[in-house]
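# Examining the three-dimensional arrangement
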Amino acid sequence: MQQTLMMIKPDAVERSLTGRILSRVEEAGLRILRLRMVRLTPEQARDFYKVHEGKPFLDSLVAFMAGGPIVAAVLEGEDAIDRLEKIVGATDPANAEEGTIRKEFGLNIEKNSVHRSDAPETAENEIAWFDLNLALRPEPR
Ligand code: CMP
């Protein structure tokens, strides 16, 4: 069993795609452990994306991610990271495979509808970030 983090980005929440995206996630065998809709502050968005510090796209990405509500989900399943990668598709919707979330719903490389953790270490850090910044209360075990 592995855990990963997904964020449905403001472009997708705004277009009422939250339910369809979550359905695809569940249909792919991933279980939703924690889920929250929230509007990130610019400071939170910058902190979440701190691995991209210095990248030319960071300021625009932060403004976009703090520009409307996001839906963040901690997911669990067998090979959760790879499983989510398969259904989400390539970062740039233009390069994403047919049938993937980003191909069907993404608008461009920034407004690509979802973020996902890209490796076990990132997943661990991003879930810890969720639990520290967004979780109201951990789910009962
Ligand atoms: P995400 O998975 O949220 O992680 C970082 C985000 O930066 C990425 O998806 C894209 O939406 C955004 N981004 C914008 N420009 C680029 C770029 N040139 N390369 C990678 N990511 C980019």
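Residues numbered from 1 in each chain as written. Predicted model: local features only at pLDDT ≥ 70, side-chain atom pairs only at ≥ 80, totals over all residues. Heavy atoms only, no water.

## With respect to the environment of Val114
By the element assignment, Val114 lies in strand S4 (residues 114-116). By relative accessible area, which is 0% here, Val114 ends up buried. In sequence terms Val114 and Gln44 are 70 residues apart; their C-alpha atoms lie 17 Å from each other. Discounting chain neighbours no more than four positions away, the residues touching Val114 are Met6, Met7, Ile8, Lys9, Ile21, Val88, Ile101 and Arg102. (Helix = DSSP H or I, 4+ residues; strand = E, 2+ residues; numbered from the N terminus. Buried < 20%, exposed > 50% of the residue type's maximum accessible area, 1.4 Å probe, protein only. Contact = heavy atoms within 4.5 Å.)

## Details of unusual backbone geometry
One non-glycine residue, Ser16, lies in positive phi territory at about 60 degrees. Within the secondary structure, Ser16 sits in the loop between helix H1 (10-14) and helix H2 (18-27). One non-glycine residue, Asp79, lies in the positive phi region at around 50 degrees. Within the secondary structure layout, Asp79 lies in the loop between strand S3 (70-77) and helix H5 (80-88).

## Considerations on the site of the ligand
All residues adjacent to the ligand are Lys9, Tyr49, His52, Phe57, Leu61, Thr91, Arg102, Ile109, Glu110, Asn112 and His115. Within the side chain of Arg102, a nitrogen or oxygen atom sits 3.4 Å from an oxygen atom of the ligand. With respect to the ligand, the backbone of Glu110 contributes an N or O atom lying 3.4 Å from an oxygen atom. For the ligand, the protein covers 76% of the area, taking 450 Å² as the surface of the free molecule. Looking at the shell around the ligand residue by residue, the classes come out as four nonpolar, four polar and three charged. (Near = heavy atom within 4 Å. Polar contact = N/O pair within 3.5 Å; in protein donor to acceptor, adjacent residues only side chain to side chain. Areas by Shrake-Rupley, 256 points an atom, 1.4 Å probe, with all protein chains shown as cover. Nonpolar A, V, L, I, M, F, W, Y, C, P; charged D, E, K, R; others polar.)

## A closer look at the pairing of S3
Buried residues dominate S3, accounting for eight of its eight residues. Both faces of S3 are covered, namely the face carrying Ile70, Ala72, Val74 and Glu76 and the face carrying Val71, Ala73, Leu75 and Gly77. Alignment of strand S1 (residues 2-8) against S3, held across seven bridges, turns out to be antiparallel. Directly across from Met6, in S3, lies its bridge partner Ala73. Relative to S3, strand S2 (residues 31-38) is paired through seven bridges, and the arrangement is antiparallel. Each residue of the ladder has a partner; that of Ile32, found in S3, is Leu75. (Pairing = 2+ DSSP bridges.)

## Considerations on the environment of Phe57
Position of Phe57 among the secondary structure elements: in the loop between helix H3 (42-48) and helix H4 (58-65). Separated by 53 residues in the primary sequence, Phe57 and Glu110 place their C-alpha atoms 8.4 Å from one another.

## Examining H5
Taken together, the buried positions of H5 are Ala80, Ile81, Leu84, Ile87 and Val88. One side of H5 holds all its buried residues, which, seen down the axis, span an arc of 135 degrees. At its buried positions, H5 is contacted by S1, H2, S3, helix H6 (101-105), S4 and helix H7 (120-133). (Arc of directions from axis to C-beta.)

## Structural notes on the pattern of salt bridges
Under the criterion given, the structure shown has eight salt bridges. Here Lys50 and Asp47 are joined by a salt bridge, their closest N and O atoms 3.3 Å apart. Residues Lys111 and Glu110 are paired through a salt bridge, measuring 3.8 Å at the closest nitrogen-oxygen approach. (Salt bridge = Lys/Arg side-chain N within 4 Å of Asp/Glu carboxyl O.)

## Examining H2
In an α-helix, one full turn covers 3.6 residues, which means residues spaced three or four apart are oriented alike. If you check which residues of H2 are buried, you get Thr18, Ile21, Leu22 and Val25. Down the axis of H2, the smallest arc covering the buried residues is 95 degrees, so these residues share one side. Just downstream of H2, Gly29 is the residue with a positive phi angle, here 90 degrees.

Remember that the coordinates give geometry; whether it matters functionally is a separate question.
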